[in-house]
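Inside the fold
The chain contents come next:
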Amino acid sequence: MKILFTSSECVPFVKTGGLADVVGSLATVLAREGHDVRVVLPMYTAIDFSWQQQMEHLLHFDVQLGWRRQYCGVMQLQHEGVTYYFLDNKYYFGRPYVYGLGGDEYERFSFFCRAALNALPLLDFQPDIIHAHDWQSGMVPALLKIQYQHLPFYAAIRTVFTIHNLQYQGIFGIREVQDVIGLGDGLWSADKLEFSGCANFMKAGLVYTDIITTVSPSYAGEITTAYYGERLDGLIRARKKELFGVINGIDTELYDPETDNMIAQTYTADTLGGKAKNKKALQKELALEEKADVPLLAMIGRLTNQKGLDLVDCVLSDIMAEDLQLAVLGMGDSRYTNLFSWAETKYRGKLAARFTMDSALAHKIYAGADFFLMPSLFEPCGLSQMIAMRYGSVPIVRETGGLRDTVLSYNEETKEGNGFSFRDFNAHDMLSVIRRALDFYRNRKDVVETLRKRGMQGDYSWTHSAREYLNLYKKLLKKGSA
Ligand code: GLC
């Protein structure tokens, strides 16, 4: 099968969140299965120079965006069996950031979507499937259906659109978007591209794609409700038959405590003692008190309201009144970085916070922590809880989205479970579950050890999910030719 991914980020080239991990590792796994997999990305200046040096300039062409004519170069790089195309335009992507500050996101990603489609005949690549990810690629299915599919080259291409996070939709003024995207007046109605008087890239993807997927079965159900649906639940309900939840995997080679060379001591489920060395090294690195028997809780991720940090804020003094340590790593909103830098001073030696994207430190925290806290407000899939389990850190999560699908709370009657969880988005429910976990740590070490082992033995590989995607692709192609 010939498969094209379009995405605004992808490991190992550019990453702001889980989207990058998923696109990079899924592409690699599908290529390993023998498929022709190619990925289109923006050529950000932010991509490390060592990668840029390895790229080859293939060709260039002009892209028409309303009255604008913009240069688009195509740079190519092969990596682990996947062909990557980077769309080069310095005006749009030659900036020191990936998203945000310029106020012209709609123009940057309209350029990206149109250029990705225009490049295909020039590259002589006619994919069977275009798999577009998140709002930045939302105009790909829309443009394809509306403007390209009457051309023989594009006629047979089928599309999959994956929601990694429904909260970010790419909402802009209709006039501004129309001025660059070149989609006629008749398309801006509520059943097509219009959304509360605005243009919405995510909606464009959802309306025009053949199949919608999202990154866990639970989230697929949740986004059909008003609570999680981010005002697109009506549309999603209407397309329920074409909506599938496929749980993400993680890169099990990159995240492997048995071979990880970023951590102080490698270990397995049978040599869990190695974890103690990692904890000691981590405490030292983060200037936490070097005590072996104090439970260490960790949080790693984007510091946004999605991650349930308001719950932590609400009961932080109660949490810190316990005999424990807390390590926080991530970048994000200033209200949370302010909170944790204040807390680091107040609870010196007990709480450490680092506001960077330091993957080596992340590995050390996964390896050194006893518990991993993830009380998300919503969580399409979540990768860190799986990584934490792989490193034998016991997850404490809220039962939502992918967290609900990957973590089963320990049941004292049946002895089942691989972590701890609570249901409602309530700070005191979270607090009591943290206390429950601490209680096991102090008084039932055997239970914590069992949970660690179960976590480490879990299957977080892509094997199963990659097959699910392939089945969806195949189903689409069969339908197309019938
Ligand atoms: C987004 C979601 C996260 C998911 C990731 C990859 O970052 O917030 O839950 O794991 O995308 O699909």
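Please read all numbers here as calculations on a predicted model, not as lab measurements. (Residues numbered from 1 in each chain as written. Predicted model: local features only at pLDDT ≥ 70, side-chain atom pairs only at ≥ 80, totals over all residues. Heavy atoms only, no water.)

Let's shift gears to the sheet that holds strand β17 (residues 394-398). Sheet strands pair via backbone hydrogen bonds, and the direction of the pair is either parallel or antiparallel. Spatially, the 6 strands line up as an open sheet ordered β15-β14-β13-β16-β17-β18, and their pairing is parallel. Where the open sheet ends on each side, the last strands, each with one partner, are β15 (351-354) and β18 (420-422). Averaged over all pairs of adjacent strands, the angle between their axes in this sheet comes to 15°, without regard to strand direction. Here strand β14 (residues 325-329) pairs with β15 via 4 bridges, running parallel. Along β15, the bridge assignment pairs Ala-327 with Ala-352. Along the sheet face, helix α16 (residues 427-443) touches β13 (296-300), β16 (371-374), β17 and β18 and points at about 160° away from the line of β18. (Pairing = 2+ DSSP bridges. Helix = DSSP H or I, 4+ residues; strand = E, 2+ residues; numbered from the N terminus. Axes fitted to C-alpha atoms, helices over the stretch in contact; angles between N-to-C directions. Contact = heavy atoms within 4.5 Å.)

So, about the nonpolar core. Within the largest apolar cluster, 137 residues are counted, with the highest numbers of intra-cluster contacts made by Phe-86, Met-139 and Ile-163. When residues of this core are assigned to their parent elements, the largest contribution, 11 residues, is made by helix α4 (residues 105-123). Summarising the domain contributions, this core has at least three residues from each of domain 1 (2-249 + 463-481) and domain 2 (273-457). Ranked by size, the runner-up nonpolar core spans 39 residues in total, among them Tyr-410, Met-430, Ile-434 and Val-447. (Core = buried A, V, L, I, M, F, W, Y, C linked by side-chain atoms within 4.5 Å. Buried < 20%, exposed > 50% of the residue type's maximum accessible area, 1.4 Å probe, protein only. Domains from an automatic or database assignment.)

The next thing to look at is the pattern of salt bridges. Scanning the entire structure with this criterion turns up 26 salt bridges. The closest approach of N and O atoms between Arg-237 and Asp-233, which form a salt bridge, is 3.1 Å. Highlighted residues: Arg-237 and Asp-233, both in helix α9 (residues 233-238), separated by 4 residues, approximately one helical turn. Its relative accessible area of 43% is what places Arg-237 among the partly exposed residues. A relative accessible area of 11% places Asp-233 in the buried class. With a shortest N-O distance of 3.0 Å, Arg-452 and Asp-370 are connected by a salt bridge. One end of the pair, Arg-452, is in helix α17 (residues 445-457); the other, Asp-370, is in the loop between α13 (359-368) and β16, and 82 residues separate them in sequence. The same class applies to Arg-452 and to Asp-370, which are both buried. Ionic contacts of the salt-bridge type, sharing partners, join the residues Arg-68, Glu-107 and Asp-179 into one network. (Salt bridge = Lys/Arg side-chain N within 4 Å of Asp/Glu carboxyl O.)

Nothing here speaks to function; it is all geometry.
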